[in-house]
Amino acid sequence: MRRLLSVLLALLLTCAALVAPARAGTAPEVTYDRYSLIVNGRRIVLQSAEFHYFRLPSPELWRDVMEKFKAAGFNAVSLYFSWAYHSPAPGTYDFSGVRDVDRLLRTARETGLYVIARPGPYINAESTGGGFPAWLKTVPGRARSFEPGYREAYREWLHRINPIIARHQLPRGGPVILYNAENEYQVGTDAAYMQDIQDQARADGVTVPITTNDCCDAGSWSSTWASGPGAVQIPGVDDYPQSFECANPGLWGPWGEGLTERLRDDIPVFAAEYQAGAIDLGNAGYDKCRELTGPAFMKFFYKNNLVQTGATMFSYYMGYGGTNWGWLAQPNDVYTSYDYGAAITEARRLTPKYDEFKRQGYFLEAVAPLAKTDALAPPAVSGDAALTTVARANPDTGTQFVLVRHADRAAATTDTTTLDWAAPDGRYQVPVRIKGRDAHVLVAGYDLGGQRLAVSTSEIMTHAAIGGRDVALLYGTAGSPGATVLRYPSAPSVKVLEGSVRAAYGGGDLRLDYAHDGLARVLVTGGGRRPLLLLIGTDEEAARFWRVSTEAGPLLVRGPELVRSATLRGDVVSLAADTVAGEIEVFAPPSATRLDLTAGTTGQGAGERVRVARTASGSLLGVTRAPAPARLPELTGWRARAEAPEAAPGFDDSRWTAADRTATTSPHPPKTLPVLYADDYGFHYGNVWYRGHFTATGAETGIDLNAITGLRGNYLVWLNGRYLGTAAGGVQADSGDQATPPNPDPGPGHFAIPPGLLRPGADNVLAVLVANMGHNDDWIADDLRFKQPRGLVAASVGGTPIAWRIQGTAGTDALRGPLSTGGLYGERTGWHLPKYQDKTWKKAAPEAALTPGVTWYRTSFRLDLPKGQDVPIGLRFGGDPSPAYRVLIFLNGWNVGQYGGDIGPQREFSLPAGILDERGTNTLALAVTAEQPVAGPGPLTLFAYGNVRGGP
């Protein structure tokens, strides 16, 4: 009873907020009910895409990604904020340069996107430590709990990030519309922790609704956290029905039905993270992941979610994946690229998945009744077709939405049927054809601008009032039959301008029958309504259209690669668009007679006038020029230098940190003392060197080491300057969602001591280079997993005492942050930096033979890419990668990737503008660590992912 009363009270308060009109000049108000979010009394369908600013350390390109989201019909962007990215040490935080999240949030506002702010504290995101800074591993108290040590740490982070988020909230004129507390915390039972995160947010000025994302398929959240301490206002569900088996893109929903459930009756259905790509678990390559989660998957699962459950809040993971540059990646699931098979590639190119997002996004944007629907008895399917229907209707307008799909979601057949449709304007029999894993959302009883749409078996992409007439774009699968019925008080005049369309009028209905083939154009005038230009195309033709807003009203544009923004002043339409050679068509008011293409989003810089002619459709049609070619230099003039002086007996390590601790906060006890865990000595990322001094008795015969490095990590060993070999480091146990028990022998390596190498009675030096690959996530809120150490965990030379010193990174790079560099000698002395003088190095190509150890290569190249064009550049390794070496790739001082046979399948690496000087000199440096004599990596070439006029 108490819970019922509290729910009723909450509903009353919500309803009161909804009916209260916003006062003139007051800040926007974000409320909600069981149907949707409401901004100042206007319902919205939230369509968001995930973007990780920390995976694109080029703030100039943040706008490009967000504009591409906006151009696809998204009205929001979901942003994780990575604690590790901003905090290299306790009490130290950096929000400057590539970490300027004020700029990030301003950019979202300027591009017209709402923001779902997700500051964690834990974010996962397949990032090192799940977004936790590595120094947190040495803090007492279980992470993701209310225990004191962790509590003090996460509160400090929240009190740094929350005020930034708060000042960019929607009620303050910013874009933040929702605040997400924690991340997939269904494994935890700490209500005090969840409540405290929310309390800290409110204390820091956050007023927008607080959400969280439960994984997966709701887990236990709905029963455990529906109310009471810890419960958020709008819990949502993460759904990944397609798994991450990219090597088998024919799989169809092996991880679940993918139907986001309603968690409470007083909130909208929120698909907080819905699958829009995949981690490449099998190293198949991200193109396979894009196929696995391609348009067919999107059509079936996304549309099913819209109509089956009435969801009105969607956030898709990922919209743009980006790059695990530096030491950003967690060690188990990902390599350098975090392309994710997303709709926008790592190099910011658009894909067929982007086209499908645009078709659906424009529909959600244009058809307002979708924001409030209830379940409805669906139309009947005739015959033996293996099709099924689901329906919803808006209770205020009566508009109906019918999902038609195969009853078997894995079906690959094509079935045609007739719908017996009891629509608001009458009963209709209309043909429908579903091909394979397709799905259609059909609309009936809809006021389409000044028109009345009775029914249609074409899907609506968008419609707009332009120049005193309605322009509507419908589409369907190529070759499928279509029928559209429009209501008119009297017989209208119908003129088929292009394509094959049959028209018949009777009983107030204008019925148009056709096949979806190319682009048909029908002009309807008279009949008691304003004119209508009806465009009916295939999926592919519809994807060529862009809807863009101006102060003078909306425009439709057909043809460009992308339309970012537009203005209409006098008789001139100005488009900020990305173009190649081809047709461009603009549907604008009759007053528009001229077309300009401008360079850049804001229209700054040189543009061009496009000669246009008026078409029979009333549009302006012209032809755009091809972009100027981008000439890329060959990578020559390489110079090389071997490093690893640390392996030499006489190397001075006196300034290194003494590794002499006998106790640790880690829940994993060391196998031998002293404690050699790298994190305990403040070295958290990348390579770490150890030097152990011991006085030999002469009886020692072997060296036994053990290390934990994360997946793909290893360590190399020298004794008195002689290379002894290598071993694989230990990894996190593959225990799924279970705790990770301490491994008694995680990364063993036994190295025989060659006769005559020891110096009995004298100082002997054991040097070990450990390649740590990142830190475990904390997916199951278990310190055994998250606080698993990195580096050496045991060392023995026949029981002889060893005095150890350790050295990692020389310090945090003020420009690039804590994740860019590790502890290689060349990194500590600046060999990776562009200003380093390498003229004394010998000339050698990277493909030359390598000896065990570390060899550096450097070269410079000059670019002069065409101005006013977007030419994403990549670096390609030729040949097959060897497991006998690993390469750190530095561009102008930034670690932009890792290459090698044991690292992953990746051979091409994105060199993003901002890090790359597109019109200047660039320095490329490679740190190649070889485990054995082997031919080096190469040859290396630069290439362009694409080339368009325009760009960000």
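Residues numbered from 1 in each chain as written. Predicted model: local features only at pLDDT ≥ 70, side-chain atom pairs only at ≥ 80, totals over all residues. Heavy atoms only, no water.

Draft legend 1. Representation of the overall build of the protein chain. The number of helices and strands found in the protein chain is 13 helices and 58 strands. Along the first, second and third principal axes, the C-alpha set of the protein chain runs to 110 × 70 × 60 Å. In the protein chain, which comprises 952 residues, the proportion classed as buried is 62%. A total of about 32600 Å² of accessible surface is found on the protein chain, and carbon and sulfur atoms cover 51% of it. (Helix = DSSP H or I, 4+ residues; strand = E, 2+ residues; numbered from the N terminus. Buried < 20%, exposed > 50% of the residue type's maximum accessible area, 1.4 Å probe, protein only. Areas by Shrake-Rupley, 256 points an atom, 1.4 Å probe, with all protein chains shown as cover.)

Draft legend 2. Molecular detail of the packing of helix H4 (residues 101–110) against helix H5 (residues 148–167). The contact between H4 and H5 brings their axes to 10 Å, and the two run at 25 degrees. Comparing their axes, H5 and H4 come out roughly parallel. The handedness of the crossing between H4 and H5 is right-handed. Across the interface between the two elements, Val 101, Asp 102 and Leu 105 of H4 pack against Ile 161, Ile 164, Ile 165 and Arg 167 of H5. Residues of the contact of H4 with H5, tallied by class, amount to five nonpolar, no polar and two charged. (Axes fitted to C-alpha atoms, helices over the stretch in contact; angles between N-to-C directions. Parallel < 35°, antiparallel > 145°, perpendicular 65-115°, else oblique. Left-handed = near helix turned anticlockwise from the far one by under 90°. Contact = heavy atoms within 4.5 Å. Nonpolar A, V, L, I, M, F, W, Y, C, P; charged D, E, K, R; others polar.)

Draft legend 3. How the structure looks around the pattern of salt bridges. In the structure shown here, the tally under the stated rule is 48 salt bridges. A salt bridge links Glu 273 to Arg 118, with the shortest nitrogen-to-oxygen separation between them at 3.1 Å. A residue pair is termed long-range when its members are at least 10 positions apart, and Glu 273 in strand S10 (residues 270–275) and Arg 118 in strand S6 (residues 114–118) qualify at 155 residues. The residues Glu 273 and Arg 118 share a single accessibility class, namely buried. Close ionic contact of Glu 291 with Lys 288 constitutes a salt bridge, the shortest N to O distance being 3.9 Å. Of this pair, Glu 291 and Lys 288 both sit in helix H8 (residues 286–292), three residues apart, which is roughly one turn of the helix. One network of salt bridges, in which partners are shared, links Asp 64, Glu 67, Lys 68, Arg 348, Arg 564, Asp 578 and Asp 870. (Salt bridge = Lys/Arg side-chain N within 4 Å of Asp/Glu carboxyl O.)

Draft legend 4. Expanded view of unusual backbone geometry. Here Gly 120 and Pro 121 are connected by a cis peptide whose omega angle stands at 15 degrees. Topologically, Pro 121 is positioned in the loop between S6 and H5. A cis amide bond, omega 0 degrees, links Tyr 317 with the succeeding residue Met 318. For Met 318, the location among the structural elements is in strand S11 (residues 313–320). Backbone geometry places Ala 125, a non-glycine residue, at a positive phi of 60 degrees. Of note, Ala 125 is situated in the loop between S6 and H5. Residue classification places Ala 125 among the buried positions, given a relative accessible area of 3%. One non-glycine residue, Ala 781, lies in the positive phi region at around 55 degrees.

Draft legend 5. Structural context of the sheet that holds strand S34 (residues 608–610). Strand order in the open sheet made by the four strands is S30-S31-S33-S34, with mixed pairing throughout. The sheet is open, and its two edges are formed by strand S30 (562–569) and S34, each paired on a single side. Each neighbouring strand pair of the sheet contributes to a mean axis angle of 30 degrees, computed without reference to strand direction. As judged from the five bridges shared by strand S31 (residues 572–578) and strand S33 (residues 594–598), these two strands associate in the parallel manner. Directly across from Ser 574, in S33, lies its bridge partner Asp 596. (Pairing = 2+ DSSP bridges.)

Draft legend 6. Expanded view of the sheet that holds strand S45 (residues 791–796). Strand order in the open sheet made by the three strands is S43-S40-S45, with antiparallel pairing throughout. The strands lining the two open edges of the sheet, one partner per strand, are strand S43 (748–752) and S45. Between one strand and the next, the sheet's axes are offset by a mean angle of 20 degrees, whatever the strand orientation. Where strand S40 (residues 702–708) and S43 come together, five bridges link them in antiparallel fashion. Bridging across to S43, Leu 705 finds its partner in Gly 749.

Draft legend 7. Region of the structure containing the state of the cysteines. Evaluation of the coordinates by the stated rule reveals one disulfide. The disulfide that involves Cys 246 links it to Cys 289, with 2.0 Å between the sulfurs. Its S-S torsion of approximately 105 degrees makes the covalent link between Cys 246 and Cys 289 right-handed. In this pair, Cys 246 is assigned in the loop between strand S9 (234–239) and S10 and Cys 289 in helix H8, connecting sequence segments 43 residues apart. (Disulfide = S-S within 2.5 Å.)

Draft legend 8. Broad picture of the confidence of the model for the protein chain. Of the residues in the protein chain, 94% reach a pLDDT of 70 or more, and the chain-wide mean stands at 93. Below a pLDDT of 50 lies the segment residues 1–25, which in the model reaches 12 contacts outside its immediate sequence neighbourhood of four places, other chains included. For the stretch residues 602–606, pLDDT sits under 50, and the model shows four contacts to residues farther than four places along the chain or on other chains. (pLDDT = per-residue confidence, 0-100.)

Draft legend 9. How the structure looks around the packing of aromatic side chains. Tallied over the entire structure, the rule returns 60 aromatic pairs. Here the aromatic rings of Phe 74 and Phe 357 are separated by 5.0 Å at their centres, their planes lie at 55 degrees, and the arrangement is tilted. One end of the pair, Phe 74, is in the loop between helix H2 (59–71) and strand S5 (76–80); the other, Phe 357, is in helix H10 (residues 352–366), and 283 residues separate them in sequence. On the accessibility criterion, Phe 74 (4% relative accessible area) is buried. Overall, the relative accessible area of 2% leaves Phe 357 in the buried class. Each ring, one from Phe 297 and one from Tyr 302, has its centre 5.8 Å from the other, and the planes form 75 degrees; the classification is edge-to-face. Since its relative accessible area comes to 1%, Phe 297 is described here as buried. The buried category is assigned to Tyr 302, whose relative accessible area is 2%. Members of the aromatic cluster, joined through ring pairs, are Trp 83, Tyr 93, Phe 95, Tyr 122, Phe 132, Trp 135, Tyr 150, Tyr 154, Trp 157, Tyr 185, Tyr 193 and Phe 786. (Phe/Tyr/Trp six-rings, centres within 6.5 Å; stacked < 30°, edge-to-face > 60°.)

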